[in-house]
Amino acid sequence: MRSVIFGSVFLFALCGSASADMYIMQPSPQYDHPYRGPLIEHALPWRDARALCGQMVPKIASLSGYVKRPDACAWRAGHVCHIVVPAGRDVPAHETAAYRRHEIGHCNGWSANHSGGR
Ligand SMILES: [Zn+2]
């Protein structure tokens, strides 16, 4: 598994950038289930989600080559998993839900290279 350590924070995830009808990859089946530990969701407007994820993931973003400015991200601090998802009036609810499912997959150990994603 690819992870980058910032202090005691383990970073797992990146997501795609926004568009009107974007495809948001879903986790492979083994990681596609509720997170069994404490989960803290940061549901933010697009701009704020990008800003926060941009602060959290710049190194892994440049390493992975996936997305320079992710719209969503996840990281674990001990057993606590944090996810950042875009939400609010400018974000369709089904997209927020898809981002949530994607990021929780990372909480469950789905690798940053999205192996097995669908
Ligand atoms: Zn991801």
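Residues numbered from 1 in each chain as written. Predicted model: local features only at pLDDT ≥ 70, side-chain atom pairs only at ≥ 80, totals over all residues.

Peer 1: Tell me about the overall build of the chain, residues and numbers included.
Peer 2: When helices and strands are counted, the chain shows 3 helices and 5 strands. Reading the helices (α) and strands (β) of the chain from amino to carboxyl end gives β-β-β-α-α-β-β-α. For the chain, buried positions account for 36% of its 118 residues. (Helix = DSSP H or I, 4+ residues; strand = E, 2+ residues; numbered from the N terminus. Buried ≥ 20, exposed ≤ 12 C-beta atoms within 10 Å, placed from the backbone.)

Peer 1: Quick rundown of the environment of Asp90? Include the residues and the values.
Peer 2: Tracing the backbone through its elements, the reader meets Asp90 in the loop between β5 (80-86) and α3 (93-107). Spatially, the C-alpha atoms of Asp90 and Pro45 are 7.5 Å apart, while their sequence positions differ by 45 residues.

Peer 1: Requested: an account of α3, with residues and values cited.
Peer 2: Taking 1.5 Å of rise per residue, 15 residues should cover 21 Å, and α3 covers 21 Å from first to last C-alpha, within 8% of that figure. Every buried residue of α3 is listed here: Glu95, Tyr99, His102, Glu103, Ile104, Gly105, His106 and Cys107. Contacts from the buried residues of α3 go to β3 (39-44), β4 (73-77) and β5. Within two residues after α3, Gly109 carries a phi angle of roughly 110°, on the positive side. (Expected span 1.5 Å × (residues − 1). Contact = placed C-beta atoms within 7 Å.)

Peer 1: Provide a residue-level description of the nonpolar core, including the pertinent values.
Peer 2: With 18 residues, the main nonpolar core has Ala72, Cys73, Ile83, Val84 and Val85 as its most contacted residues. The leading source of residues in this core is β5, at 4 residues. Once residues within four sequence positions are removed from consideration, Ile83 is found in contact with Leu39, Glu41, His42, Ala74, Arg100, Glu103, Ile104 and Cys107. (Core = buried A, V, L, I, M, F, W, Y, C linked by C-beta atoms within 7 Å.)

Peer 1: So what about the environment of Val84? Which residues, and what values?
Peer 2: Here Val84 lies in strand β5. Considered as a pair, Val84 and Leu52 are 32 residues apart in the sequence and their alpha carbons are 7.9 Å apart. Every residue in contact with Val84, bar those within four places of it in the chain, is listed here: His42, Leu44, Ala49, Leu52, Cys53, Ala72 and Cys73.

Peer 1: A description of helix α1 (residues 46-56) should follow, citing residues and the corresponding values.
Peer 2: Looking at α1, one finds that the buried residues are Ala49, Arg50, Cys53 and Met56. Around the axis of α1, the buried residues are gathered within 130° of arc, so they sit on the same side. Of the exposed residues in α1, the ones pointing more than 90 degrees away from its buried face are Arg47 and Gln55. (Arc of directions from axis to C-beta.)

Peer 1: Just give me the short version of the pairing of β5, but keep the residues and values in it.
Peer 2: Burial analysis of β5 places 6 of its 7 residues in the buried class, which makes it a mostly covered element. Joining the antiparallel neighbours β4 and β5 is a turn of 2 residues, in which Gly78 adopts a positive phi near 65°. (Pairing = 2+ DSSP bridges.)

Peer 1: How would you summarise the environment of Gln30 if you had to cite specific residues and measurements?
Peer 2: Structurally, Gln30 can be placed in the loop between β2 (9-11) and β3. C-alpha separation for the pair Gln30 and Asn108, spaced 78 residues apart in sequence, amounts to 8.7 Å.

Peer 1: Now, about the confidence of the model for the chain: what can you tell me, with residues and values included?
Peer 2: For the chain, per-residue confidence averages 79 on the pLDDT scale, and 71% of positions sit at 70 or higher. Low confidence marks residues 1-19, where pLDDT is under 50. Its contacts with residues over four positions away, or in another chain, come to 59 contacts. (pLDDT = per-residue confidence, 0-100.)

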